[in-house]
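Structural features, examined
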Amino acid sequence: MRSSKAHCLGFLLGFLLFLQCKAEARYTFVVEETPYTRLCSTKNILTVNGQFPGPTLYVHKGDTITVDVYNKAKYNITIHWHGVKQPRFPWSDGPEYITQCPIQPGAKFSQKVIFSTEEGTLWWHAHSDWSRATVHGAIVIYPKKDSSYPFPKPDAEVPIILGEWWKKPIMEVYHEMLRSGGDPNISDAYTINGQPGDLHPCSKQDTFKLKVEQGKTYLLRIINAAMQDLLFFSIAKHSLTVVATDASYTKPLTRDIITISPGQTIDVLLKANQNPDHYYMAGRVYSSALGVVYDNTTTTAVVEYFGNYTPTSPPPLPQLPYYNDTSASVNFTGSLRSLASKEYPINVPKDITNRFVYTISVNSFPCPNNSCAGSNGTRLAASVNNISFVNPSIDILQAYYYGINGVFGTRLPSFPPYIFNFTADVLPLNLETPKHGTEVKVLKYNSTVELVFQGTNLLAGTDHPMHLHGYSFYVVGWGLGNFDIKKDPLNFNLVDPPLQNTIAVPKNGWTAIRFRANNPGVWFMHCHIDRHLSWGMDTAFIVRNGAPPNTQLLAPPPDMPPC
């Protein structure tokens, strides 16, 4: 009898442990205003749980979690899980008026976050207006519990979040841009983990410090959460070895300097192999557009070795490229390669169903009496294939799911409606004005897509970090100038292209991506420079259901925010 009771008790305990392991982790995000002091002045900023940057989420590959988002702020809010594919469940993806209406002040939304193939570093951020300036944080996705990294286990891991800080409230900056029709005010500082660094007033005491021990290796999970700019990043007298980008492993790539786009994540190994001392890590803008003002400040943090020594004062600064060094930027980005090993295989689509070419442009609309602050008195805009996206009054996902007509169109051109020398130094003014529209592209389930982003020199040629929700894609090619549909595909990398969710299309250049449309739902695609997004450089894909039930869009949760 005792043996039987013990057996039953052991079975019960084991079953309860199984249920506990299978239970989804649950987190609480409270969005609220919190006073923060930077650059000698204090202002209220939007935060999650009072933290800036916000809390880091730690998960394992394949986990599912629930995040209860409470909006205690005075603005609408949404939260996006950047780079998380959310298979068959776009309802929690987050972009306002694309997959949901915003969470209104005083309301709550429980967001299920479904991790699948991602492994490495991603991040979460607000996806409404410009709230993401301060509402963001890291997501660390460990390998499955019975797996390990494809590189030697580091001695420590540290998120490094690059951001921007304005002395003015960010919503004032945003609304002033909309009112004037011109460029927004530039930021007053870049930040590393929320701090501007030693080179700024009233900042030295709180500068972020990374303490290291000589001979050890550190995994830096770098995230560019900046609103408007690509950034160069380096650590004085140290090299960085890239091992992953956008939660996908890469072949090791050792560089003194990396370029990271807004929205992108890069995992690097830092070997503490220098003499014990203090060394600056630093970030500075890469800005390629002619005549566009930019924040020319440098943000710093300090790498401090343990030990007894007198540190160099000030610490040595790394030599970062000049602000408009396009060669330094594209040479780094173009050197990334997928690991593509037996343990981490890739599957680049070869037989292509859909081929698209999308021009991505900065444009303008005329203003009465040339009264706006854009070029020649116009209102600045942006477009994809000459359509400047307009947010609908209800979200596209809801309209698609319930068959509500009149919310969106499906006539986004597959190719540029006007063919011209896209990257010429001088272009006719009549090409600068796009059309307004809420147009998307519909894809059959499991179809394959090759999409070429073609930058243009309309108004101001510049880099465009393009991000696709719900998918990672293979970056199979890139180049400067106009894409040659006959010659350039011959040089596509179909062997080990990097797998990314955000890619910087170079100034007056092109980038080609491929992916398989095997995630049904509505998925946003946009430039991750927020002024370009606000001006209309965005669209969406609708991926239809497959035939088997496990290839179909899941039903919405009961607490979707009302429109």
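The following refers to the structure shown. (Residues numbered from 1 in each chain as written. Predicted model: local features only at pLDDT ≥ 70, side-chain atom pairs only at ≥ 80, totals over all residues. Heavy atoms only, no water.)

A count of helical and extended segments in the chain gives 5 helices and 32 strands. Since a compact globule built from 563 residues should have a radius of gyration of about 24 Å, the 24 Å found for the chain is in line with a globular shape. Its C-alpha atoms give the chain principal-axis dimensions of about 90 × 65 × 50 Å. Nonlocal contacts in the chain, meaning residues at least 24 apart in sequence, comprise 80% of its contacts between residues at least 6 apart. For the chain, the computed accessible surface area is about 23,200 Å², with 51% contributed by carbon and sulfur atoms. Side chains of the chain carry 46 positive and 43 negative charges; the gap between the two charge centres is 6 Å. (Helix = DSSP H or I, 4+ residues; strand = E, 2+ residues; numbered from the N terminus. Rg over C-alpha atoms; globule rule 2.2 N^0.38 Å. Contact = heavy atoms within 4.5 Å. Areas by Shrake-Rupley, 256 points an atom, 1.4 Å probe, with all protein chains shown as cover. Lys, Arg positive; Asp, Glu negative; His and termini not counted. Charge placed at Lys NZ, Arg CZ, Asp CG, Glu CD.)

This part takes up the pairing of strand E3 (residues 57-60). Only one face of E3 is covered, namely the face carrying Leu 57 and Val 59; the face carrying Tyr 58 and His 60 is uncovered. Sheet analysis places E3 next to strand E8 (residues 136-142), joined by 4 bridges and oriented parallel. Looking across to E8, one finds that Leu 57 is bridged to Ile 139. (Buried < 20%, exposed > 50% of the residue type's maximum accessible area, 1.4 Å probe, protein only. Pairing = 2+ DSSP bridges.)

With that settled, the discussion passes to helix H2 (residues 170-180). Among the residues of H2, Ile 170, Met 171, Val 173, Tyr 174, Met 177 and Ser 180 are the ones counted as buried. One or two residues past the end of H2 sits Gly 181, with phi positive at roughly 80°.

With that settled, the discussion passes to the sheet that holds strand E11 (residues 209-212). Hydrogen bonding along the main chain pairs the strands of a sheet, whether they run parallel or antiparallel. The mixed open sheet is built from 5 strands, whose spatial order is E11-E19-E18-E13-E16. Each edge of the sheet is formed by a strand with only one pairing partner; in this case those strands are E11 and strand E16 (257-260). The sheet shows a mean angle of 20° between the axes of neighbouring strands, direction not considered. Across 4 bridges, the pairing between E11 and strand E19 (residues 298-305) is parallel. In the sheet register, Lys 209 faces E19, and the bridge partner there is Val 302. Along the sheet face, helix H3 (residues 326-333) touches strand E13 (230-235), E16 and strand E18 (278-286) and points at about 85° away from the line of E16. (Axes fitted to C-alpha atoms, helices over the stretch in contact; angles between N-to-C directions.)

A word on the environment of Glu 172. Tracing the chain through its elements places Glu 172 in helix H2. What makes Glu 172 partly exposed here is its relative accessible area of 46%.

A word on the pattern of salt bridges. Tallied over the full model, the rule gives 14 salt bridges. With a shortest N-O distance of 3.6 Å, Lys 61 and Glu 119 are connected by a salt bridge. Of this pair, Lys 61 sits in the loop between E3 and strand E4 (64-71) while Glu 119 sits in the loop between strand E6 (108-114) and strand E7 (120-126), placing them 58 residues apart in sequence. By relative accessible area, which is 25% here, Lys 61 ends up partly exposed. When its relative accessible area of 5% is taken as the criterion, Glu 119 is described as buried. Note that Glu 176 is salt-bridged to Arg 179, the shortest N-O span being 2.8 Å. Placement of the pair is Glu 176 and Arg 179 together in helix H2, with a separation of 3 residues, close to one helical turn. (Salt bridge = Lys/Arg side-chain N within 4 Å of Asp/Glu carboxyl O.)

This brings us to the state of the cysteines. With the rule as written, the count across this model stands at 3 disulfides. Across the disulfide from Cys 367 sits Cys 372; the S-S distance is 1.9 Å. One disulfide, between Cys 367 and Cys 372, carries an S-S torsion of -80° and so falls in the left-handed class. Exposure class is identical for Cys 367 and Cys 372. Each is buried. (Disulfide = S-S within 2.5 Å.)

Here we take up the packing of aromatic side chains. Tallied over the entire structure, the rule returns 24 aromatic pairs. With a centroid separation of 4.5 Å and 15° between ring planes, the pair formed by Tyr 294 and Tyr 323 is classed as stacked. Here Tyr 323 lies in the loop between E19 and H3 and Tyr 294 lies in the loop between E18 and E19, a separation of 29 residues in the sequence. Aromatic side chains Phe 483 and Phe 492 sit 6.5 Å apart centroid to centroid with 20° between the ring planes, which places their arrangement in the stacked category. Taking the relative accessible area as the measure of exposure, Phe 492 reaches 10% and is therefore buried. The ring centre of Trp 165 lies 5.8 Å from the NZ or CZ of Arg 38, which sits over that ring. The ring of Trp 165 has Lys 43 lying over it, and the distance from NZ or CZ to the ring centre is 4.5 Å. (Phe/Tyr/Trp six-rings, centres within 6.5 Å; stacked < 30°, edge-to-face > 60°. Lys NZ or Arg CZ within 6 Å of the ring centre and 35° of its normal.)

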